Structures are given as C-alpha cells and as structure tokens.
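# Chain and residue survey
One-letter residues, chain by chain:
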Amino acid sequence: METRRHWCSKSAYCSPPSSQPRVMLWTTPQSTSTILTKCLSAAVPNPQRIVKTRSARGVYDGAVVKDGPADDIDDEPSDELLQQAAETMCSEDCSGGRVCTDMLRFRHIKRLLENPNSSKRFVFCKDFGHSIVDRYEFLPDRTAQYRHAFLIRHPAKMFRSRRKVLLAEYESSRGGAKKTYQAAKSREEFHLLKDAPSWYNPPGLCYKELYELTAYVRENVDPHLVILDSDDLLSNPAVVLPKFCDALGIPYSERLLSWSPDPVATDEWQNAFSPIRSFEFINMFCHTAFESSQFFSPGPVPGDNDLTDDVKECVEYCLPFYKEMHQMRLC
C-alpha cells in the first residue's frame, strides 16, 4: 500500500539524468503487450514501469460524461466520481485505497512521465492508442526525450481473442458483470460490438486510433518511432527483441528471452488499479501474461471460416490500418 501512495505522491517526482532511456509503448488490446511488459519487468534491472490499462480511459470518460462535457479538460472529475466509475467498470469493491484516482488523470500521468524516478535504470510506459485520443497535449513533452514504439497484431487474431475474453466476462457470475453488457441470448448470438460495454469499443475499434497516433507522433514527437508486429516478436524473439531494444535504447540481455513465471513482478507496475493482479476484471484478460515465463510461438492467422460474423466485421474495418502500420514495422 505504501508503494501505491508513492506513485500518487507529487513528492516522488524527480529530475532524471539524461542517460535514462524512456520508452512509450502504444498498442491495442490482446496484442501480447502485457507479456512484453512482464518480460522487461522480470529481466531488466531496476526499471520504472507505468502501465495504464484499458480501464483508465474508460473510467475517465465515463466519469466526465456524467460530470460535464467530455471535452472539458479543465474540469477533471472528482475523486469520488472516478471511484464510482471505477467500481461500475470492474464490478468490484474499490474501497480501501485499491484505486489511485490520480492515475486516472491525464495531467497526473503527464507530470509523472516528465518527472520519473531518476534512480531507475530506464522508464517504460505501456498504454493503448485509443486512450489518448483528443488528448495529445497530455503526451510527455519532447524535452522529456521519450522514444515511442507501437506494438501491432493482425486484427483477425486480436478480435477473435477479444471476443473469447469478453464472452467469458459476459458469462461470468462475478458480481454485477452482466449489468454492463447488453442482453445477448446465447454464445452464438453474442456480438462483440453490440453487446459489450462501449468502453471496450472505441469508434475506430482501436486500430484507427493507433494508426492516427503513429502519424501524429512521427510528425510532431518522434520521427524515428518503432513499429513491432507481435507475430515477428513471438516467432523469433532471439533476433527481433535485440533489434527492438537497440532501436529504443533499452538495455538488452539474454535474460529477456526467459523469466520467472511468478506474477509478483506485476505488483510493482504503477497503475490506477493496484496491485493490478488483485482485480478479477483485469486477471480475466491478463492472467496468462502475468504468469508467463517466455514468448510463445504464434499460430497462423485465422481464415474467414474460423471467424464469427462480428469478428469479420471488425477485421474488415481495421485491416487497412493494420496493413499500413505493418509495412513500416521493424523487421
């Protein structure tokens, strides 16, 4: 609990040395980004990891809509409103300091990124591209010298995996989970876009938002951004991971190829929901990654016959954005 308070405390901000590598990793859900974060957490000495999950933007927007205009950035929600929104989203008791509401505020995250712990060997922040839509001014300033990386995954794989997890959440018996879903009649009739809560489906279905962020970052922040395809990483980590680390200034060693399966490393991740693995709604998405010990070989891209109609709809919309980014990937 003391660590969580430290993350929220403005007294923790320090002026970093110029030799401290800093990396922002932008991605979509179900992209294997949590496995990559676990890898870096377990194998690289003394990093600072700032992990904003899918929930942060959903909680923030949900609270803003209830509290006033969504574009009223100067009037951020109160602690009480954010706490209520967090409990609505995760259907769990968030009392007792389990949620750090500051970590749901754009200004706090920007300040934290621009003033990280100077004693850390490097800084690594993971977030979804759609979490920063219409909030680009809250990206860390260029003077903070962050490198930006983008992790992509073929949308057929991403949405098939996403449907499986969201359907499991819909069918789960945990308190209140079904209240946030529309009333699908059966597994077959469950529709990824129509039945899941709105915060799971941003307007551009994650890929459009990620693609637009690459364009903005390349033009305004980091002209040498790095795009990594998860299948390339999973297929040949011994070759791809050194290239990825070298391009971003992350210290590399062969320890990055295998690490302890103990999920305790995730307890050090700076996140609004802390410790992150104590929340069932996050574990439902990430438990396999939390317990990972190495990268696993990816399967083939599923064909149309292996996809439900709702997944096909998502893939058709997102594939052009994925292909544009895939052409610019690190290989």
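Up top is the structure.
Heads up: these notes are all about the structure in this document.

Analysis parameters
- Residues numbered from 1 in each chain as written.
- Predicted model: local features only at pLDDT ≥ 70, side-chain atom pairs only at ≥ 80, totals over all residues.
- Heavy atoms only, no water.
- Phe/Tyr/Trp six-rings, centres within 6.5 Å; stacked < 30°, edge-to-face > 60°.
- Lys NZ or Arg CZ within 6 Å of the ring centre and 35° of its normal.
- Helix = DSSP H or I, 4+ residues; strand = E, 2+ residues; numbered from the N terminus.
- Buried < 20%, exposed > 50% of the residue type's maximum accessible area, 1.4 Å probe, protein only.
- Contact = heavy atoms within 4.5 Å.
- Polar contact = N/O pair within 3.5 Å; in protein donor to acceptor, adjacent residues only side chain to side chain.
- Axes fitted to C-alpha atoms, helices over the stretch in contact; angles between N-to-C directions.
- Left-handed = near helix turned anticlockwise from the far one by under 90°.
- Nonpolar A, V, L, I, M, F, W, Y, C, P; charged D, E, K, R; others polar.
- Pairing = 2+ DSSP bridges.
- Expected span 1.5 Å × (residues − 1).
- Arc of directions from axis to C-beta.

## Quick look at the packing of aromatic side chains
Applying the stated criterion to the full structure yields 9 aromatic pairs. Aromatic rings pair up to connect Tyr211, Tyr317 and Phe321 into one cluster. Geometry around Phe279 places Arg98 over its ring, the cationic atom sitting 3.9 Å from the centre.

## So, the environment of Asp79
For Asp79, the position within the fold is in helix α4 (residues 79–90). Asp79 gets classed as partly exposed once you look at its relative accessible area, which sits at 38%. A C-alpha to C-alpha distance of 8.1 Å links Asp79 and Asp102, two positions 23 residues apart in sequence. In this structure, Asp79 is in contact with Thr101 and Arg105, ignoring residues within four places of it in sequence. Side chain to side chain, Asp79 and Arg105 meet in a polar contact 2.8 Å long.

## Points about the packing of helix α6 (residues 155–171) against helix α10 (residues 280–290)
Two numbers describe how α6 lies on α10: the axes approach to 10 Å, and their chain directions differ by 150°. The element α6 and its partner α10 pack so that their crossing is right-handed. Only Phe281, Met284 and Phe285 of α10 make contact with α6, whose side of the interface consists of Arg162, Val165, Leu166, Ala168 and Glu169. Each residue belonging to the contact of α6 with α10 can be placed in one class, and the counts come to 6 nonpolar, no polar and 2 charged.

## Brief notes about the sheet that holds strand β5 (residues 226–229)
Read across the open sheet, the 5 strands follow the order β2-β3-β1-β4-β5; overall the sheet is parallel. What marks the edges here is a single partner per strand, and that holds for β2 (47–51) and β5. Each strand axis lies, on average, 20° off the axis of its neighbour in the sheet, ignoring direction. Relative to β5, strand β4 (residues 147–152) runs parallel, the two sharing 4 bridges. Residue pairing for β5: Phe150 is matched across the bridge by Ile227.

## Re helix α9 (residues 237–248)
With 12 residues, α9 should reach 16 Å at 1.5 Å per residue; the first-to-last C-alpha distance of 16 Å fits that figure. By the burial criterion, the buried members of α9 are Pro237, Val240, Leu241, Phe244, Cys245 and Leu248. Looking straight down α9, one finds its buried side chains confined to an arc of 130°; they lie on one side.

## Considerations on the environment of Asn115
The residue Asn115 is located in the loop between α5 (106–114) and β3 (122–128) in this model. Sequence-wise, Asn115 and Ala144 are 29 residues apart; in three dimensions their C-alpha atoms are separated by 8.2 Å.

All we've got here are geometric facts, nothing functional implied.
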